[in-house]
Amino acid sequence: MKIYKTKDYKEMSRKAANILSAQVILKPDCVLGLATGSTPIGTYDQLVEWYKKGDVDFSEVRTVNLDEYRGLTRDNDQSYYYFMHEHLFDRVNIKQENTNVPDGTESDADKECERYEKLIGSMGGVDIQLLGLGHNGHIGFNEPDSIFAKATHCVNLTESTIEANKRFFASADDVPRQAYTMGIGTIMKAKKILLIVNGEAKADIVSKAFFGPVTPEVPASILQLHSDVVIVADEAALSKIPE
Ligand code: F6R
């Protein structure tokens, strides 16, 4: 596990965008695993800036997103489909048919999760998976549990996640209660993992997840067992790690 410490969010975003664009340059038709949430917004902005300068070309890139709220339509501005189009897909030369987000409108959860898992396999797996980190240690929407969920599945969001995400909705009642997410097994199959995290509010969970025991109670802790993980974190997020 390699940890890059940056002075702030801007530098974290630039470093993460650097790593992602290096991947695209090395393998133009690579599969990028992408995340939503507030953390990657700066990374996507930086990628868009470099695309506009002609430094990075997305024409052959393929993507798979980690997760999607169950029940939200694509035109709902809180859906992760909408988020990805707003922050990245509509701003670069990626082919829309090469982008994939779980279909939140498919009510048959088993069918959708199976389709998504197979799709990732048929693309040859994920070359680099971008991850954020939830306050409770979740990655994707893999919430603390007594076991590590393997494949793409439907989850019930925890109160802590509903609370954290309500800032994007009119009220907590509007936050969907379920989501489709890649499983821990799906994430662990990615060839490389890039986790980004910033801010003092995540300092405790960073320390627990990457310096504590590997346990499904802290889903991100499993990343300690992946052979190629890069964490890019600002000083504040790393302020509680052991010496
Ligand atoms: C989003 C996702 C989540 C977020 C996490 C952190 O696709 O998978 O695991 O990465 O909830 O969210 P932010 O970045 O908003 O703190």
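Residues numbered from 1 in each chain as written. Predicted model: local features only at pLDDT ≥ 70, side-chain atom pairs only at ≥ 80, totals over all residues. Heavy atoms only, no water.

- The name given to the protein in an unreviewed UniProt entry is Glucosamine-6-phosphate deaminase, and the organism recorded there is Candidatus Mediterraneibacter faecipullorum.
- Database annotation for the protein, UniProt heading Function (unreviewed entry): "Catalyzes the reversible isomerization-deamination of glucosamine 6-phosphate (GlcN6P) to form fructose 6-phosphate (Fru6P) and ammonium ion."
- We quote the UniProt Pathway (unreviewed entry) comment for the protein here in full: "Amino-sugar metabolism; N-acetylneuraminate degradation; D-fructose 6-phosphate from N-acetylneuraminate: step 5/5." (UniProt positions renumbered as here; feature names shortened; annotations may be inferred.)

**Side note on the packing of aromatic side chains**
Move 1: Counting across every chain of the model gives five aromatic pairs.
Move 2: With 5.6 Å between their ring centres and 45 degrees between their planes, Y69 and F141 make a pair best called tilted. Residue Y69 is located in strand β4 (residues 67-69), and its partner F141 is located in the loop between β6 (128-131) and β7 (153-156); the two are separated by 72 residues in the primary sequence. Considered together, Y69 and F141 belong to a single accessibility category, that of buried residues.
Move 3: Judged by centre distance (5.7 Å) and plane angle (80 degrees), the rings of Y69 and F169 are edge-to-face. On the criterion of sequence distance, the pair formed by Y69 in strand β4 and F169 in the loop between α5 (159-165) and β8 (178-181) is long-range, its members being 100 residues apart.
Move 4: Overall, the relative accessible area of 1% leaves Y69 in the buried class.
Move 5: By relative accessible area, F169 is classed as buried at 12%.
Move 6: One aromatic cluster is present, built from ring pairs that chain together Y69, Y80, F141 and F169.
Move 7: In this structure, K15 is placed above the aromatic ring of Y4, and the distance from its NZ or CZ to the ring centre is 4.5 Å. (Phe/Tyr/Trp six-rings, centres within 6.5 Å; stacked < 30°, edge-to-face > 60°. Helix = DSSP H or I, 4+ residues; strand = E, 2+ residues; numbered from the N terminus. Buried < 20%, exposed > 50% of the residue type's maximum accessible area, 1.4 Å probe, protein only. Lys NZ or Arg CZ within 6 Å of the ring centre and 35° of its normal.)

**As for the sheet that holds β7**
Move 1: On the basis of which strands lie adjacent, the open sheet formed by three strands has the order β4-β8-β7 and antiparallel pairing. Every interior strand has two partners, whereas the edge strands, β4 and β7, have only one. Adjacent strand axes in the sheet meet at a mean angle of 25 degrees when their direction is disregarded.
Move 2: Bridge count for β4 against β8 is three bridges, and the pairing is antiparallel. Residue pairing for β8: E68 is matched across the bridge by Y180. (Pairing = 2+ DSSP bridges. Axes fitted to C-alpha atoms, helices over the stretch in contact; angles between N-to-C directions.)

**Thoughts on the side chain of H85**
Move 1: As for its position among the elements, H85 is in helix α3 (residues 80-87).
Move 2: On the basis of relative accessible area, H85 is assigned to the buried category, the value being 10%.
Move 3: At 3.4 Å, the side chain of H85 and the side chain of Q96 are in polar contact.
Move 4: Among residues more than four places away in sequence, those in contact with H85 are D90 and Q96. (Polar contact = N/O pair within 3.5 Å; in protein donor to acceptor, adjacent residues only side chain to side chain. Contact = heavy atoms within 4.5 Å.)

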